[in-house]
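Overview (structure and organization)
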Amino acid sequence: MTTSQSASDDHEFVITRIINAPRALVFKAWTDPKQMAQWWGPKGFTNPVCEMDVRPGGAHRIVMRGPDGTDYPIKGIYREIVKPERLVMTLDCSEHPEAWHDMVKPNRKKGERNPVGEMLQTVTFEDQGGKTKLTIRTRFISVAIRDAMVKMSMTEGWSQSLERLEALLAK
Amino acid sequence: MSLDHLSTTFAALADPTRRAILARLASGETSVTELAAPFEMTTPAITKHLKVLERAGLITRSRQAQWRPCRLEAKPLHEVADFVEQYRRFWEQSLNRLEDYLRKLQPKGKKNVRKKPARKKP
């Protein structure tokens, strides 16, 4: 159940979870669009569009629909497929609704692309005695944002320091 | 403002002295001299950090009072925290759903194990 999250030395967001299912099954849930549509996205979300051409250079496209009916399209390209160990893909959230872009990047110019929305995601599937250790690494494609994150992680876990700051602010 | 907002905030937060300054400012407005005191830094060195924080919109400096007090601005911090939180929540919930889905997908093995004793007929 527990998910751990950290900023690794490679300046990425890292999420890991032990899934109680064999690796082949977990890998399939990530590479079969019918299966992916069943679980992708937060609670209460559906995926009316889920298309995947699972091969290097192949495209994927998912449209997540929130409980309020808002659509959050994500598209991207597969960079690497190593069955059943590893998936590398780009994620592009540029078609997300304006409200999302405004939250992530206020003060942006009209029509300006949002570099936060471009990410490289590496998913690894490790067999652990019949269970699967799933690791999701997300790296921002924007050099500016990545550099900033590099600086953050050189000092300490930046999300932790943010949490501490948040706690201070809440006082 | 052509610089990317979020990355500016990240960069400003990257420095431990600047985070300490923000933490100090969380308890209220302060003058530059007061801010410099615990850091064993010269006022110009602290002023440099303040400029970075000001550019990122993390603090404001009053132009009315002569001692130009520094004040913490919480909004950019909340924006960064919101983004991180949104990302964390996305995965927490997606992976919960993935687990639920996989549990439904492979009930055979588990059910058989559980049902075996029940199937035994005298």
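Just so we're clear, the structure is a prediction, and the values are computed from it rather than from any experiment.

**Brief notes about the overall build of chain A**
- Helix and strand counts for chain A come out as five helices and eight strands.
- Listing each helix as α and each strand as β along chain A from the N terminus yields β-β-α-α-β-β-β-β-α-β-β-α-α.
- The buried share of chain A, taken over its 171 residues, is 25%.
- Once local pairs closer than 6 in sequence are excluded, the contacts in chain A between residues at least 24 apart make up 40%.

**Observations regarding unusual backbone geometry**
- Following A:Lys83, the chain continues to A:Pro84 via a peptide bond in cis, the omega torsion being -5°.
- Here A:Pro84 is to be found in the loop between β5 (71-82) and β6 (86-92).
- Phi is positive for B:Glu40, which is not a glycine, with a value near 50°.
- Within the secondary structure, B:Glu40 is located in the loop between α3 (32-36) and α4 (43-55).

**Quick notes on the pairing of strand β4 (residues 59-65) of chain A**
All names here are of chain A.
- Residues His60, Ile62 and Met64 point to one face of β4 and are all buried, whereas Ala59, Arg61, Val63 and Arg65, pointing to the other face, are not buried.
- In the sheet, strand β3 (residues 46-52) pairs with β4 via five bridges, with the strands oriented antiparallel. Bridged to Val49 within β4 is Val63.
- Two elements, β4 and β5, share seven bridges in a ladder whose sense is antiparallel. Residue His60 lies in a different strand from β5, and its bridge partner there is Gly76.
- Hairpin connection, β4 to β5: the antiparallel pair is bridged by five residues, and Gly69 has positive phi, about 90°.

**Points about the confidence of the model for chain A**
- This prediction gives chain A a mean pLDDT of 78; 65% of its residues lie at or above 70.
- Note that pLDDT drops below 50 for residues 152-158 of chain A; the model gives that stretch 15 contacts with residues more than four away or on any other chain.

**A look at the pairing of strand β7 (residues 118-128) of chain A**
Residue and element names in this part refer to chain A.
- Here β6 pairs with β7 via seven bridges, running antiparallel. Note on β7: the bridge partner recorded for Thr90 is Leu120.
- Here ten bridges tie β7 to strand β8 (residues 131-140), and the two strands are oriented antiparallel to one another. Following the sheet pairing, Phe125 is matched in β8 by Leu134.
- Count of turn residues in the β7/β8 antiparallel hairpin: two residues, of which Gly129 carries a positive phi of about 55°.

**Looking at the nonpolar core**
- In terms of nonpolar packing, the biggest core is built from 20 residues, with A:Ile19, A:Val26, A:Ala29 and B:Leu102 touching the most fellow members.
- Residue assignment for this core shows that the elements contributing at least two residues are β2 (13-19), α1 (23-31), α2 (33-39), β4 and β8 of chain A together with α5 (75-105) of chain B.
- If we skip the residues at most four places from it in the chain, B:Leu102 touches A:Ile19, A:Ala21, A:Leu25, A:Val26 and A:Ala29.
- Among the nonpolar cores identified, the runner-up in size contains 18 residues, and B:Leu35, B:Leu53, B:Ile59 and B:Leu72 belong to it.

**Quick look at the packing of helix α2 (residues 16-25) of chain B against α4(B)**
Residue and element names in this part refer to chain B.
- Two elements in contact, α2 and α4, have axes separated by 10 Å at closest approach and are oriented at 75°. Viewed along their axes, α2 and α4 adopt a mutual orientation that is roughly perpendicular. Residue-level inspection shows Thr17, Arg18 and Ile21 of α2 in contact with α4, the latter providing His49, Val52 and Leu53.
- Of the residues contributing to the contact of α2 with α4, the split by class is three nonpolar, two polar and one charged.

Criteria and cut-off values
Here the residue numbers are simple positions, counted from 1 along each chain's written sequence. Lettering for chains starts from A, numbering for ligands starts from 1, and both go in the order in which the items are written. Note on the predicted model: pLDDT of at least 70 is required for a residue's local features to be given, and 80 or more for side-chain atom pairs to be given and counted; whole-chain, interface and lining totals, by contrast, use all residues. What counts as a helix is a DSSP run of H or I of at least four residues, what counts as a strand is a run of E of at least two, and both are numbered from the N terminus. Around each residue's C-beta, the other C-beta atoms within 10 Å are counted; 20 or more make the residue buried, 12 or fewer make it exposed, and counts in between make it partly exposed. All C-beta atoms are placed from the backbone. We call two residues in contact when the distance between their C-beta atoms, placed using the backbone, is within 7 Å. Being paired, for any two strands, means DSSP has found at least two bridges between them. Confidence scores per residue from the predictor, reported as pLDDT, run from 0 to 100. Each nonpolar core comprises buried Ala, Val, Leu, Ile, Met, Phe, Trp, Tyr and Cys residues, the members being joined through C-beta atoms within 7 Å. Only C-alpha atoms enter the line fits that serve as axes; for helices the fit covers just the stretch in contact. Angles between N-to-C directions range over 0 to 180 degrees. In this scheme, roughly parallel covers angles under 35 degrees and roughly antiparallel covers those over 145, while 65 to 115 is roughly perpendicular and the rest are oblique. Under the grouping applied here, Gly and all other residues not named as nonpolar or charged are polar, the nonpolar ones being Ala, Val, Leu, Ile, Met, Phe, Trp, Tyr, Cys and Pro and the charged ones Asp, Glu, Lys and Arg.

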